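Residue-level structure breakdown
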Amino acid sequence: MVAPLSRSGKFEPLMTLRGHTQTVYSVAFASLSANPRYLASGSYDNTVKLWDLSAERLDSTLEGHAGSVSSVTFSPRHSWLATGSNDHRVRLWQLALRRRLAAWLRLGLEAHSGAVYSVTFTPDERWLISGGTDNVVRLIDLEKPQRPPIALSGHNGHVYQVVVSPNARWLISTSMDNTLLLWDLRAILNRQTTAPLVTLRSHTDGVTSAAFSPDGRRLASGSYDGTVKIWDLSLLPHDLTTLRYAVPITLRAHEDCVQCVAFSPDGLRLASASSDHTIRLWRIDDRRPYPIGVLRRHTDKVHSIAFSSDGARIASGSKDNTVIVWG
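All of the points below concern the structure found in this document. Please read all numbers here as calculations on a predicted model, not as lab measurements.

**A few points about the overall build of the chain**
When helices and strands are counted, the chain shows two helices and 28 strands. For 327 residues, the compact-globule estimate of 2.2 N^0.38 gives 20 Å, and the C-alpha radius of gyration of the chain, at 18 Å, lies within 12% of that figure. Counting every position in the chain, which comprises 327 residues, the buried fraction comes to 59%. Partitioning the intrachain contacts of the chain with sequence separation of at least 6 by distance along the chain shows that 47% fall at a separation of at least 24. With an accessible surface of roughly 13500 Å², the chain has 44% of that area assigned to carbon and sulfur atoms. Looking at charge distribution, the chain has the averaged site of its 36 positive side-chain charges lying 3 Å from that of its 29 negative ones.

**Considerations on the pairing of strand E15 (residues 170-175)**
The buried fraction of E15 is high, at six of six residues. Taking every second residue as pointing to the same face, both faces of E15 are buried, with Trp170, Ile172 and Thr174 on one and Leu171, Ser173 and Ser175 on the other. Where strand E14 (residues 159-164) and E15 come together, five bridges link them in antiparallel fashion. For Val163, the partnering residue across the bridge sits in E15 and is Ile172. When E15 meets strand E16 (residues 179-184), the two strands line up antiparallel, connected through five bridges. Paired with Trp170 across the strands is Asp184, a residue of E16. In sequence, E15 turns back onto E16 through a hairpin of three residues, with Asn178 there showing a positive phi of about 75 degrees.

**Topic: the sheet that holds strand E27 (residues 314-318)**
Within a sheet, adjacent strands bond to each other through the backbone by hydrogen bonds, running parallel or antiparallel. The strand order E1-E28-E27-E26 describes an open sheet built from four strands, whose pairing is antiparallel. Of all the strands in the sheet, the pair left with one neighbour each is strand E1 (13-18) and strand E26 (302-307). Across the sheet, the axes of successive neighbouring strands diverge by a mean angle of 20 degrees, strand direction being ignored. Note that E26 and E27 share five bridges and pair antiparallel. Looking across to E27, one finds that Ala306 is bridged to Ala315.

**As for the state of the cysteines**
As enumerated under the stated definition, the model contains zero disulfides in all. In this structure Cys260 is a free cysteine whose sulfur lies 10 Å from that of Cys257, the closest cysteine sulfur available.

**Describing the pattern of salt bridges**
Side-chain pairing between opposite charges can occur once the charged atoms of the two side chains come close. Throughout the structure, instances matching the rule amount to nine salt bridges. In this structure, the salt-bridge partner of Arg77 is Glu125, at a minimum N-O distance of 3.7 Å. Of this pair, Arg77 sits in the loop between strand E6 (69-74) and strand E7 (80-85) while Glu125 sits in the loop between strand E10 (116-121) and strand E11 (127-132), and the two are 48 residues apart along the sequence. Of the charged contacts in the structure, one is a salt bridge between Asp266 and Arg269, with a shortest N-O distance of 3.1 Å.

Parameters at a glance
- Residues numbered from 1 in each chain as written.
- Predicted model: local features only at pLDDT ≥ 70, side-chain atom pairs only at ≥ 80, totals over all residues.
- Heavy atoms only, no water.
- Helix = DSSP H or I, 4+ residues; strand = E, 2+ residues; numbered from the N terminus.
- Rg over C-alpha atoms; globule rule 2.2 N^0.38 Å.
- Buried < 20%, exposed > 50% of the residue type's maximum accessible area, 1.4 Å probe, protein only.
- Contact = heavy atoms within 4.5 Å.
- Areas by Shrake-Rupley, 256 points an atom, 1.4 Å probe, with all protein chains shown as cover.
- Lys, Arg positive; Asp, Glu negative; His and termini not counted.
- Charge placed at Lys NZ, Arg CZ, Asp CG, Glu CD.
- Pairing = 2+ DSSP bridges.
- Axes fitted to C-alpha atoms, helices over the stretch in contact; angles between N-to-C directions.
- Disulfide = S-S within 2.5 Å.
- Salt bridge = Lys/Arg side-chain N within 4 Å of Asp/Glu carboxyl O.

See the structure below:
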């Protein structure tokens, strides 16, 4: 059993996973047992790799995309793995745990007219949501995958990430147009609207990533402007006007683009990954977040980070072609 991650941010690399031949753009833990045993990584070498962390080895390589894999995500109950690619496709893999983690390609969904940068599931695993370079957010009903997806238009630039709130009420999309759009996911799925609820403006360059805190009361975002911003969502859904004109807390420490942000499962820490080759850790305080550590081991841009479900590990993927697991 891995000891819980120190809240001080003082921890070291546990293992470096090598196997990809190009940039590792996305990482995701699969908690199929008490320990965070499996990890998925997507790369610009067009493959997805499944790693067995208990043995520190490659479990399997998933091939099927004809372009770079920009996003990998496990469904909440770990029945599925979804992958998004520059080949314009979202692919859905069925998972099974026997002596090892196995995956079978079940669906290839051609939902976008451009590269797919982000994929995520709703908590009930019914809907698969994606965003990409066609500036559109699409929602696919996995119970009826042959039906046309719901298309959400509102951004004037590439959609970098889509994120669903823990209570499944809200959807956030981030974009190269420097904004985040907040969508009422419940109203969209009930076919009541396809319009965004609120536009969040504060970043001065493209917004690469976003993450909800586990209680859904905060939203973190990262940007090409080198900052991390913390938005207060505690007034939702009652006071949209205040949120529309709110000034978020701005965290400045990175020397280059912030590529990814992730909250720890307890909501007390935030990790941010950057093109400056570092990962920074922040303590999330009720008054103001503050820095608690810097992780330095990658030799190039860090594109993706993820906490394991027990909070004991962090995984990071980099342009140096490696995945590092920290603990």
